Amino acid sequence: MRPEELLHTTPQGLYSPAGDFFIDPTRPVARALVTHGHSDHARAGHGAVLAMAQTLDIMAIRYGEGFAGTTQAAAYGARVEVNGVGVTFHPAGHILGSAQIALDWRGCTIVASGDYKPGADPTAAPFAPVRCHVFISEATFGLPVFRHPVPADEIAKLTSSLALFPERAHLVGAYALGKAQRVMALLRTAGHDRPILLHGAMERLTDYYRTQGIDLGETRPAREATAAERAGAVVLCPPGALNDVWSRRFPDPVTAFASGWMRIRARARQNGVELPLILSDHADWDELQAAIRATGCEEVWVTHGQEDALVHWATQEGLRARPLHMVGYGEEEGEGAAPEPPVSPTNPEAAP
Amino acid sequence: MNRFAALLDRLAYEPRRNGKVRLIADYFHHTPDPERGWALAALTGSLSFRNAKPGLIRQLIGERTDPVLFALSYDYVGDLSETVALMWPAPHGLNDTEPPPLSAIVHALTHMGRAEMPAVLASLLDRLDETGRWALLKLITGGLRIGVSARLAKTAVAALGERAPDEIELVWPGLAAPYEELFAWAEGRGPKPETEDPAPFRPVMLSHPLEDADFDKLDPAAFRAEWKWDGIRVQAARAAGLEGRHVTRLYSRTGEDISGAFPDLAEAFAFDGVVDGELLILREGRVQSFNVLQQRLNRKVVSPRLLMEFPAHIRAYDLLVEGGEDLRELPFEARRARLEALIAAHPTEGRLDLSPLVPFATWDQLAAARADPAAHGAGEDAEAVEGVMLKRVDSLYLPGRPKGPWWKWKRDPHSVDAVLMYAQRGHGKRSSYYSDYTFGVWTEAGELVPVGKAYFGFTDAELVEIDRFVRRHTVNRFGPVREVVHTPTEGLVLEVAFEGLARSTRHRSGLAMRFPRIARLRWDKPPGEADRLETLERMIGDESHAPRRAKAVLGKQPSPAGEM
Ligand SMILES: [Zn+2]
Ligand SMILES: [Zn+2]
């Protein structure tokens, strides 16, 4: 049996002819399995959606209750069958509710890992490798120049800057779903106990994380904060707001950006960042290799990112490897694509 | 080294001067001797690391990584040192040992021979983290750009205690790395370091540019005027050394010792004292253009022929020290009288003369002299006059740029009407504004060609207006750059003032502008009526001075907006 009979690429995304469903389709389809809530993977308008309960909740927050015809909640490790194909969700460690989806059919196992990160994260269930024949991996940071530093050291850059410039607000650009909450959790672990000010675009998702038992300490809407409360405060906002008119309400801020891209100086400079925080929710070069090895797979398919380098490495390791050249992924969370701010100078508070 | 590297990394991103001072002071505060002293030496440019060529770095990384992965990575990152720093495969286990301190790195790099360089460098890279490797590679390839001047680093030393930056400057020339006595004194733990140098540099006094609005507030009777010469500001110091032998030094205005390049001047000094003046080339008693001076500055070897062909000269305008007596606390008029008497008493065969005063009673009279120096006493040297200097008769010689006592009033700059083509976001306080502007003029074919880039000259209110215009009239984006509409009927005309024009093969227009700034926004003018390239080309022909670019190392190049 060829693995392509179980799963192959189509213009809408990965499709299973055996089970008649898509994984993370980029356009509306009849039946979709969704790995996680980032909008490049989770889109509105499908007929039926199977995803982790938390992913379904996040989709409802972002798109409204009627985002799909019907929904079905999955649980980590619990196998279900879809048209005879076995489907099991496993933790991906990327954001809250993120999952790898393992398909088994006629003795062949394929794992579509979505976005994943083996590193520790207090806001996500830890990544668990799954044995399989074919492992489908992203390669957002698939170059040997990407070795993510220890997250606590990056947060220490922020707290020591707060100590050195206590009169200046520290604007931290961070993606609204996942990265923002991880930054808050890391700050709390580092002992930062002041209220954290939030851009309007991240309030609802942050409240949702709290309902899932994740302690993020006290947060307040940035727009309601007084000048005294803004001085020396951490203010979280979507990356696009850093250079937008929204940021003008903070006199003389320190501009930080939490992203794996901050590793590359030209990227940080291009965005006018003064305090780059190298904090990623994707696997780095070493982690990609370790994750692939841990699955014991014979074949690697690379969805998006730095496919060439990862395929080159895998081939040298004696694995069959090929790029899938998938488009439409990595665009939302500011880690897959260059973090260019949004185009319109309209009110950024009205973001999704 | 990792901590120092982290400081360099942070400085490279910090746009504000005060922010940089605080970061450096904080580092000094938390770093023990002698490590912080070596860091100070590196920041002030007092360390010279052995030069490593990019070829060596490529060779080292080539021996350790897969060529395909290196090529993909280099292509992606775009900078060799940074690529190597990030992908260097540090052996496991070595990370547990203490990373090498900066002092050890300085020691290793100064004492190794050329043949040992690859092995020493590799072992250092093995023991540093990513940022440490980046900083080391940048230091040894000379590519570190963090926007920190020696003055700024000394200001950070001063910020450790109650000292003023100028006090640090005063003791600096006699000190050497790792500066333990300096730190002890700055922190109030030790005595003032004794300077060993008999002829140290004295920090210079600088002026502010005069604006039209300033005249109403200034009384002409309170000022004296001098010509502003188009040469290089220097300080000549001569004093008796320990064994009674005289030491003569020539300093640039930033305190760099440039005596070696001007042995002819050192010989000519016949008295002990410190003179502030302009370095010029004189031939047959006539001041030559800056272009001629530049030719002497560009030569590395000071040959007898060079000394003959380009005889150096100092035109003196202030006296800071006479004999052993410090005159800086005297008013300008008293220092001037002492200077005149001293020069009259020591004829120096044309090597040193007095910069004359320009007589005037009203601002209008001075404006006339400034407009036509030849007819007002500058005579044949008029071409080397770039304006006038105004000095209050009661002004003490204060280091730095105090506002009020000294003014410079340059001759009118050129200006053209150009069309805004591209705008880029600024840095620091301006990062939410499009504040860097590329502008162009029309070619004969009716096409706009960029002729320069300006990022100052406008008011805060004008910045807001331009920013709004840019956001509403964007036609294209390239990363942080926006292209704005620029057709003959639609677009924004900027009146751009500049100091000079030069031919340049690097620009499509064939021209390069010196110090362009936005003088006015011409909302009233349709872009089609902006200036043409021919007009600018004609200006080059009219330039009485050959266009020039001062040698930055001598501190002549001003940085009008460099420290926003
Ligand atoms: Zn994602
Ligand atoms: Zn993604």
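Cut-off values and rules
- Residues numbered from 1 in each chain as written.
- Chains lettered and ligands numbered in written order.
- Predicted model: local features only at pLDDT ≥ 70, side-chain atom pairs only at ≥ 80, totals over all residues.
- Heavy atoms only, no water.
- Helix = DSSP H or I, 4+ residues; strand = E, 2+ residues; numbered from the N terminus.
- Buried < 20%, exposed > 50% of the residue type's maximum accessible area, 1.4 Å probe, protein only.
- Contact = heavy atoms within 4.5 Å.
- Areas by Shrake-Rupley, 256 points an atom, 1.4 Å probe, with all protein chains shown as cover.
- Buried area = accessible area lost by both parts, 1.4 Å probe.
- Salt bridge = Lys/Arg side-chain N within 4 Å of Asp/Glu carboxyl O.
- pLDDT = per-residue confidence, 0-100.
- Pairing = 2+ DSSP bridges.
- Axes fitted to C-alpha atoms, helices over the stretch in contact; angles between N-to-C directions.
- Disulfide = S-S within 2.5 Å.
- Core = buried A, V, L, I, M, F, W, Y, C linked by side-chain atoms within 4.5 Å.

Visitor: Got a minute to help me understand the overall build of chain B in this structure?
Guide: Within chain B, the secondary structure is distributed over 19 helices and 20 strands. Scored against the burial criterion, the 564 residues of chain B give a buried share of 51%. For chain B, contacts bridging at least 24 residues in sequence account for 69% of all contacts bridging at least 6. Carbon and sulfur atoms provide 50% of the accessible area of chain B, an area that totals close to 25600 Å².

Visitor: In this structure, what is going on with the interface of chain B and chain A? I would like to understand it.
Guide: Accessible area lost upon the coming together of the parts is a frequently used measure of interface size. Facing the 37 residues of chain B at the interface are 39 residues of chain A. With both sides pooled, the region where chain B packs onto chain A buries about 3600 Å², and carbon together with sulfur makes up 51% of that total. For chain B, the biggest contributors to the area lost against chain A are Tyr-13, Arg-22 and Tyr-76 of chain B; these three give 22% of the whole. Seen at the junction of chain B and chain A, the total is six salt bridges.

Visitor: Looking at this structure, how should I read the confidence of the model for chain B?
Guide: Reading fine detail from the predicted coordinates is not recommended where pLDDT is low. All names here are of chain B. Per-residue confidence for chain B gives a mean pLDDT of 85, with 93% of residues at or over 70. Counted against residues more than four places away or in other chains, residues 543–564, with its pLDDT under 50, gives 52 contacts. Quick note on the complex model: pTM equals 0.70, ipTM equals 0.91.

Visitor: Even after reading the chapter, I still don't get the sheet that holds strand β10 (residues 108–112) of chain A, so can you show me in this structure?
Guide: One key point about sheets: their strands pair by backbone hydrogen bonds, in either a parallel or an antiparallel sense. All names here are of chain A. Read across the open sheet, the seven strands follow the order β7-β8-β9-β10-β11-β18-β19; overall the sheet is mixed. In the strand order of this sheet, the two ends are held by β7 (80–82) and β19 (320–323), each with one partner. The average undirected angle you get between the axes of adjacent strands in this sheet is 25°. In the sheet, strand β11 (residues 134–139) pairs with strand β18 (residues 299–305) via five bridges, with the strands oriented parallel. Note that in β18 the partner of Phe-135 across the bridge is Val-300.

Visitor: Whenever I open this one, the sheet that holds strand β1 (residues 8–10) of chain A confuses me. Can you help?
Guide: All names here are of chain A. If you walk across this open sheet you meet the six strands as β1-β2-β3-β4-β5-β6, and the pairing is mixed. Looking at the sheet topology across the chains shown, the edges are occupied by β1 and β6 (68–74). Sheet twist, expressed as the mean angle between neighbouring strand axes with direction ignored, is 30°. Pairing geometry for strand β3 (residues 21–23) and strand β4 (residues 31–33), over two bridges, is parallel. Note on β4: the bridge partner recorded for Ile-23 is Leu-33.

Visitor: Explain the state of the cysteines to me, please; I cannot follow it from the model alone.
Guide: Think of a disulfide as a covalent bridge from one cysteine sulfur atom to another cysteine sulfur atom. All names here are of chain A. Summed over all chains, the structure comprises zero disulfides over all chains. The structure places no disulfide on Cys-132, whose sulfur is separated from the nearest cysteine sulfur, that of Cys-297, by 5.4 Å. In this structure Cys-132 comes out as buried when scored by relative accessible area, which is 7%.

Visitor: Help me out: how do you make sense of the nonpolar core in this one?
Guide: Soluble globular proteins tend to pack their nonpolar side chains together in the buried interior. By size, the foremost hydrophobic cluster in this structure holds 119 residues, and its most contacted members are Phe-4, Phe-28, Leu-43, Leu-136 and Leu-182 of chain B. Here Phe-4 of chain B is in contact with Tyr-27, Ala-39, Ala-42, Leu-43 and Leu-102 of chain B, once residues within four sequence places are set aside. Within the second largest apolar cluster, 34 residues are counted, among which are Leu-186, Met-202, Tyr-208 and Leu-216 of chain A.

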